[in-house]
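Residue-level structural notes
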Amino acid sequence: MSDARLLSVLIPAVGGQGGGVLLEWIVDAALADGLQVHGTSIPGVAQRTGSTTYYVELFTEPDSGAEPPAFSLYPVPGALDVLLAPEFLEIGRMIELGFPSPDRTTIIASTHRLYSIHEKIATGRGVYPIEDLHAAARAFSMTLYAFDALALAREHGTEANAVLLGALAGSGVLPIRVDAYRDAIRAKGVQVAANLRGFDAGLAVATQLRGPAEAGAGSSARNDTRSEPASADPQTAATADPDFERRIAEFPEELRPTLAQAVARLVDYQDRPYAERYLGRLTPFARDPEVARVVARHLAVWMTYEDAIRVAQLKTRPSRFERIRQEKGAQRGEIVVTDFLKPDLDEIYGILPYRLVAPFARWAERRWPHGRPALGQHVKTTTVLGYLRVWLLTLLRPLRPISYRAHAEHARMHRWLAAVARCASWDKALALEIARGAQLVKGYGDVRRRMAAHVDRLLESVMHAAECEAANGGGFEASRELAARYRTLVLQGPDAEARAVALADRVLARLTAADRRGALASLAEA
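Residues numbered from 1 in each chain as written. Predicted model: local features only at pLDDT ≥ 70, side-chain atom pairs only at ≥ 80, totals over all residues. Heavy atoms only, no water.

**Considerations on the overall build of the protein**
Scanning the protein from terminus to terminus reveals 24 helices and nine strands. Scored against the burial criterion, the 526 residues of the protein give a buried share of 45%. Sequence separation of 24 or more characterises 71% of the internal contacts of the protein that already satisfy a separation of 6 or more. Within the structure as shown, the protein displays about 25,700 Å² of accessible surface, and the carbon and sulfur contribution to it stands at 55%. (Helix = DSSP H or I, 4+ residues; strand = E, 2+ residues; numbered from the N terminus. Buried < 20%, exposed > 50% of the residue type's maximum accessible area, 1.4 Å probe, protein only. Contact = heavy atoms within 4.5 Å. Areas by Shrake-Rupley, 256 points an atom, 1.4 Å probe, with all protein chains shown as cover.)

**A closer look at unusual backbone geometry**
Residue Gln 191 is not a glycine yet carries a positive backbone phi of 45°. Following the sequence through the fold, Gln 191 ends up in the loop between helix H7 (178-188) and helix H8 (192-215). One non-glycine residue, Ala 514, adopts positive backbone phi at about 60°. Tracing the backbone shows Ala 514 in the loop between helix H23 (494-512) and helix H24 (516-525).

**Quick look at the pairing of strand E6 (residues 143-147)**
The side chains of a regular strand alternate, first on one face of the sheet and then on the other. For E6, the tally of buried residues reaches five of five residues, placing the bulk of the element in the interior. Judged by which residues are buried, E6 turns out to be covered on both faces: Thr 143, Tyr 145 and Phe 147 on one side and Leu 144 and Ala 146 on the other are all buried. Bridging between strand E5 (residues 106-110) and E6 involves five bridges; their strand directions are parallel. Along E6, the bridge assignment pairs Ser 110 with Phe 147. (Pairing = 2+ DSSP bridges.)

**Thoughts on a nonpolar patch on the surface**
A cluster of nonpolar side chains, contributed by Val 384, Leu 388, Trp 391, Leu 392 and Leu 395, occupies part of the molecular surface with about 460 Å² of accessible area. The residue Leu 395 is located in the loop between helix H18 (384-394) and helix H19 (404-426) in this model. (Patch = residues over 30% accessible without salt bridge, like charges linked within 9 Å, V, L, I, M, F, W, Y side chains within 5 Å. Salt bridge = Lys/Arg side-chain N within 4 Å of Asp/Glu carboxyl O.)

**Some words on the side chain of Arg 487**
With respect to the secondary-structure elements, Arg 487 resides in helix H22 (residues 477-491). Once residues lying within four places of it in the same chain are set aside, the contact partners of Arg 487 are Glu 433, Arg 436, Gly 437, Gln 439, Leu 440 and Leu 458.

**Looking at H23**
Taking 1.5 Å per residue, 19 residues should reach 27 Å; H23 reaches 28 Å between its end C-alpha atoms and fits that length. Along H23, the residues that are buried comprise Ala 496, Glu 497, Ala 500, Leu 503, Ala 504, Val 507, Leu 508 and Leu 511. Looking down the long axis of H23, one finds its buried residues gathered within 125° of arc, a one-sided arrangement. Across H23 from its buried face, at more than 90 degrees, point the exposed residues Asp 495 and Ala 498. On its buried face, H23 is in contact with helix H21 (445-471), H22 and H24. Following H23 by one or two positions, Ala 514 has its phi on the positive side, about 60°. (Expected span 1.5 Å × (residues − 1). Arc of directions from axis to C-beta.)

**Details of the environment of Pro 353**
Take Pro 353: it is sitting in the loop between helix H16 (345-349) and helix H17 (354-367). We classify Pro 353 as partly exposed; its relative accessible area is 21%. Taking the C-alpha atoms as reference, Pro 353 lies 5.7 Å from Tyr 404; in sequence the two are 51 residues apart. In contact with Pro 353, other than residues within four places in its own chain, are Ile 402, Ser 403 and Tyr 404.

**Here we look at the confidence of the model for the protein**
Segments scoring low in pLDDT should not have their predicted coordinates read at a detailed level. Mean pLDDT over the protein works out to 86, with 89% of the residues at or above the 70 mark. Contacts of residues 215-224 to residues separated by more than four positions or lying in other chains number 15 contacts, the stretch itself having pLDDT below 50. Taken together, the stretch residues 228-239 has pLDDT below 50 and engages in eleven contacts with residues farther than four places along the chain or on a different chain. (pLDDT = per-residue confidence, 0-100.)

**Points about the pattern of salt bridges**
For the structure shown, the criterion picks out 34 salt bridges. Where Asp 33 meets Arg 177, a salt bridge forms, and the shortest distance between an N and an O atom there is 2.7 Å. Within this pair, whereas Asp 33 is found in the loop between helix H1 (19-32) and strand E2 (35-42), its partner Arg 177 is found in the loop between helix H6 (160-171) and H7, the two being separated by 144 residues in sequence. Glu 87 is the partner of Arg 113 in a salt bridge, and the nearest nitrogen-oxygen pair spans 2.6 Å. One end of the pair, Arg 113, is in the loop between E5 and helix H3 (117-121); the other, Glu 87, is in the loop between strand E4 (82-85) and helix H2 (89-96), with 26 residues separating them in the sequence. A cluster of three or more residues bridged by salt bridges with shared partners is formed by Asp 344, Asp 346, Arg 372, Asp 446 and Arg 449.

**A word on H2**
In terms of residue burial, H2 counts as a mostly covered element, since six of its eight residues are buried. Those residues of H2 that fall on the buried side of the exposure criterion are Leu 89, Glu 90, Ile 91, Arg 93, Met 94 and Ile 95. In the stretch just after H2, Gly 98 is the one whose phi turns positive, near 85°.

Next comes the structure, spelled out in structure tokens:
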């Protein structure tokens, strides 16, 4: 690997991304250009439960009949020339293993995310921050080509590995002719036309990203980042409205991007008056942008809670079927989509008028206190009857404001907003912790009921603690810490929920007895 004429390419992949095919294309293209090359694969377990990598080494001088070089079967940390990542978190995995180097490595990566198992199972927000990934990619690369290869592949009816092959060709980092890559795709004989479209799309993007940097004479190539500009949210643009624009302009400037997305989401979810109600609820907090930003984000998500009507709305959108068709490569063929639905009693009567079903709901809570019966069903939404069966639920959207579920959700929202406003008059940091407590509002069925109970308990406990501290003339340190610790424990999962409840009881007992020091000690031990 110390030979400067030997180049190395590492492809870390998740199962099913076509990493093996990408490896074969690169090897075949190098052979077509008369280069000595060796490729190896280290298969693992798909979907991020194991390491799956593909590695290529090629000798930059054509085969002259001399003794062939000794190729390695595995990359050497810090001596990698190209990191070709089909998904952005793979860059982090390779950095952790020490492979890329800012003095040597060109990173070509798709910026889309396929969430790992650990990100999905987290009760709270477990997604790895994309900003940190971008920063790490810039820090550990000599040159970075970052763009959404998956979106480009869907646009051209192909796969992301073909787009990445085109980006590799467009980067010019390997001494292989562009036509040699195309010949490798043709020789493979699999979806040739579609893969060539993807290759040309990736080639065009990489060439475009490469051009501006090369135009700046004398500029260093080290840590040169070339990424495509972010596009505007089409939903926000589609729902742009002069009246809403004027209304949003009344809020502090740092809040406006969040409000624009929230209004678009709320109009799509219900209607214009519903979005106006959201802005009205947010207005009292506009004086403090920091508190307002937290409230605005959580309130928008909470007000668009996913009931059976929303699920039906999302599952019957034409764009959903078109996306599935493109992902499966069935543009001209029939697709069959089967939706597995399992609504429980709460979700069924929750979409009906409150006055009509409230007596039944109270009886159901007494009859099944630890979980309501559920109705499991498999619905083929690509058939006429199956589609109508789901779509008819969307016609109940005008009834949502008077539904049983809306009555319960908005009553809880009102208590939360009132608690935030009360705490803001006492202590800003406490108000922020109460506002963040809305992060607990999530899930379906039994999970939703359990988390809603925790929201109620958090509000009750923290407000009681704050009143005790206010009465004793001290600060609100115990109340702030209780709100933060309670939320953190609940988000750790079901095993920690009992600890959160016990902690709240201990702290309240100490504060009620005017033992603020003991309350703080209990929080420190938690």
